[in-house]
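The lines below spell out each chain.
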Number of protein chains: 2
Amino acid sequence: MQSQPITTSKAKAPVTSAQMAANRSDVKRRAIVEAATRLFLEKGYPGTSMDEIAAAAEVSKVTVYKQFHDKDQLFSDIILGITERAEAIADGLQIRFEQIEDLELDLISIAVSYATGVVSPDVVRLRRLVIAEAVHFPQLAATYFAQAPQRGLAAVAKGLSSLVARDLLAIDGLDIAAMQFAYLVLGPLIDQALFLPTTEITSGQIEQHATTGVKSFLRMYTRGQQGLLPTEMPGGSTSPKSPVGGEVAKSW
Amino acid sequence: MQSQPITTSKAKAPVTSAQMAANRSDVKRRAIVEAATRLFLEKGYPGTSMDEIAAAAEVSKVTVYKQFHDKDQLFSDIILGITERAEAIADGLQIRFEQIEDLELDLISIAVSYATGVVSPDVVRLRRLVIAEAVHFPQLAATYFAQAPQRGLAAVAKGLSSLVARDLLAIDGLDIAAMQFAYLVLGPLIDQALFLPTTEITSGQIEQHATTGVKSFLRMYTRGQQGLLPTEMPGGSTSPKSPVGGEVAKSW
DNA sequence: AGAAAGAACTGTACAGTACAGTTTACGATA
DNA sequence: TATCGTAAACTGTACTGTACAGTTCTTTCT
């Protein structure tokens, strides 16, 4: 993910004068944003210097300061820029709820996608970064919180409401139910990702949390219990009782 | 962390000058630790200077460096020192599970205590601090993670097992159930506390999350209506170890 | 004499600026 | 169409001022 700039080299045919005018500065600005994004996510806010950013963007420091008033503003702009992209994901989530056919299977699949997105390295780094700077940039953190995690929750709530409308679920508190869905599936995974940056989360872990989370969720919100779908009943007493000893922290 | 002179002074009458000296150092050391703890929690690791710490402890900088080799070590010692105190809290939790009489009411009360402890300002600051420095101090973060949040989960698991033994709950996956209990109650509260440092969490919010969380939890694990238990992940047999990431990541 | 204070010092890193010279875009002119 | 002029944008380097980790030295305390 390094020298892969957008380079959409503005090639040829009809280029409006407005585009031309914006061109030179814009190219530089994009290079700065790209370099700064990578560096901030990698090394944090205080760990990244303006000299480094200028060098990585192959741009002079003065150019950086011409585009961004100071380091704080550059940082804010970048975080907010990344945050905006979260909306697409949230919307995508919601749509998938509406296309559900097999309730349990499709919910698990949605949960897997959701979790996979949220624990992906860049998203986790962003989250860590925002949390780290939440005291210094409270407004920024609040915006991120509202537009990324909370927006995801809102999408889940809407998605669930469509399932309620189709009579597949019986939910009285949509927002609470959405939180429960999200935290049952994502909670442990996010914490692990935040605290153990060197430990990679496997797709097996994601699938496990998605599966148990969704099954538990369905237990809470399907009314007839197994009214609609073959509620997976793996033969008999599959899992052995987990050790009650002191070492709970073994598998995850 | 173990640079502490043992010197368990048991005799009181004959006080050697060596003991005097040791006591004096200890007093200074404690002052340093206390000041540094406050400052690190308040202003973060890079935001706190050694000069500040020395001044706040009313001690010379040289004394700080005599007790702690460098800033990193001071930081680690302090985080680990605070972390140790979490054990007591976890143990207290476990005991309360064993004393439960009214299942729902007492569980809610436990959940309220649990959440109140976890979202208390200092605990949240500590969590934010460890997350912020997780990349720089991976070993430290791993230790904190194992000894604070994970230890809490272990205590919940043990507490739940006592309820199972008393036939009040039907749980087959204790660890999973403990996570569900914890994240149902704490998840949204912790995130809010992490991202919105200026917004205070009210006891009303805590009570609400504790109540809905516990009720949902009980719906999943009381064998009143549906005697089924959550299944332990059937499909994960092969458990593909492939790390997750890549395509979905880019868009956040 | 061992421990601490206190202040000065070293060396480095960094945010932000100043400046002198160079490149780029683009319209005007030949 | 080719050439030139100009202003804005850019570069590289050097500089200012500050902050900070860690050290050294002299003096003071107990």
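Use the structure listed above.
Everything numeric in this text was worked out from a predicted model, so none of it was measured. (Residues numbered from 1 in each chain as written. Chains lettered and ligands numbered in written order. Predicted model: local features only at pLDDT ≥ 70, side-chain atom pairs only at ≥ 80, totals over all residues. Heavy atoms only, no water.)

**Digging into the protein's contact with DNA strand C**
What counts is decided by this rule: We call a residue near a molecule or strand as soon as one heavy atom of that residue lies within 4 Å of the molecule or strand. In protein, a polar contact requires one atom able to donate a hydrogen and another able to accept it; more generally it is a pair of N or O atoms within 3.5 Å, and residues adjacent in sequence count only if both atoms are side-chain atoms. Only runs of H or I of at least four residues qualify as helices and only runs of E of at least two qualify as strands under DSSP, and these elements are numbered from the N terminus. When residue character is reported, Ala, Val, Leu, Ile, Met, Phe, Trp, Tyr, Cys and Pro are called nonpolar, Asp, Glu, Lys and Arg charged, and the others, Gly included, polar.
Taken together, 20 residues form the shell around DNA strand C, and within it A:M50, A:K61, A:K71, B:S60 and B:T63 come nearest. Atoms of DNA strand C within 4 Å of the protein: sugar and phosphate make up 66%, bases the balance. Contact between DNA strand C and A:Y65: a phosphate oxygen at 3.0 Å from a side-chain N or O atom of the residue. B:S60 is positioned with one of its backbone polar atoms (N or O) 2.8 Å from a phosphate oxygen of DNA strand C. Looking at the surface near DNA strand C, the elements that each hand over two or more residues are α1 (17–43) and α3 (61–67) of chain A together with α1 (17–43) and α3 (61–67) of chain B. Looking at the surface near DNA strand C, the element that brings in the most residues is α1(B), giving four residues. By residue class, the composition of the surface near DNA strand C is seven nonpolar, five polar and eight charged.

**Concerning the protein's contact with DNA strand D**
In the region of DNA strand D, 17 residues are neighbours, and A:S60, A:T63, B:M50, B:K61 and B:K71 sit closest. The sugar-phosphate share of atoms of DNA strand D within 4 Å of the protein amounts to 68%. Between DNA strand D and B:Y65, the relevant distance is 3.1 Å, taken from a phosphate oxygen to a side-chain nitrogen or oxygen of the residue. In this structure, B:K71 approaches DNA strand D through a side-chain N or O atom, which is 2.8 Å from a phosphate oxygen. Elements that contribute at least two residues to the surface near DNA strand D include exactly α1 and α3 of chain A together with α3 of chain B. By residue class, the composition of the surface near DNA strand D is five nonpolar, five polar and seven charged.

**Re the packing of aromatic side chains**
Put simply, the rule reads: In this analysis, rings of Phe, Tyr and Trp, with Trp reduced to its six-membered ring, are considered paired at centre separations within 6.5 Å, and the interplanar angle assigns stacked below 30 degrees, edge-to-face beyond 60, and tilted for intermediate values. Whether a residue is buried, partly exposed or exposed follows from its accessible area with a 1.4 Å probe, protein chains only, as a fraction of its type maximum: under 20%, in between, or over 50%, in that order.
Under the definition given, this model contains 20 aromatic pairs over all chains. A centroid spacing of 5.5 Å and a plane angle of 35° characterise the contact between A:Y144 and B:F195, whose relative ring orientation is tilted. One end of the pair, A:Y144, is in helix α8 (residues 138–147); the other, B:F195, is in helix α9 (residues 174–195), on a second chain. When its relative accessible area of 2% is taken as the criterion, A:Y144 is described as buried. Measuring from ring centre to ring centre gives 5.9 Å for B:F97 and B:F181, while their planes differ by 65°; the resulting arrangement is edge-to-face. Here B:F97 is found in helix α4 (residues 71–98), whereas its partner B:F181 is found in helix α9, with 84 residues between them in sequence.

**As for unusual backbone geometry**
Even without glycine at this site, A:E58 takes up a positive phi of about 55°. Mapped onto the secondary structure, A:E58 falls in the loop between α2 (50–57) and α3. Exposure remark for A:E58: the relative accessible area of 70% places this residue in the exposed category. Even without a glycine there, the phi angle at B:D167 is positive, about 70°. For B:D167, the location among the structural elements is in the loop between α8 (149–165) and α9.

All quantities given are derived from atomic positions and should not be read as evidence of function.
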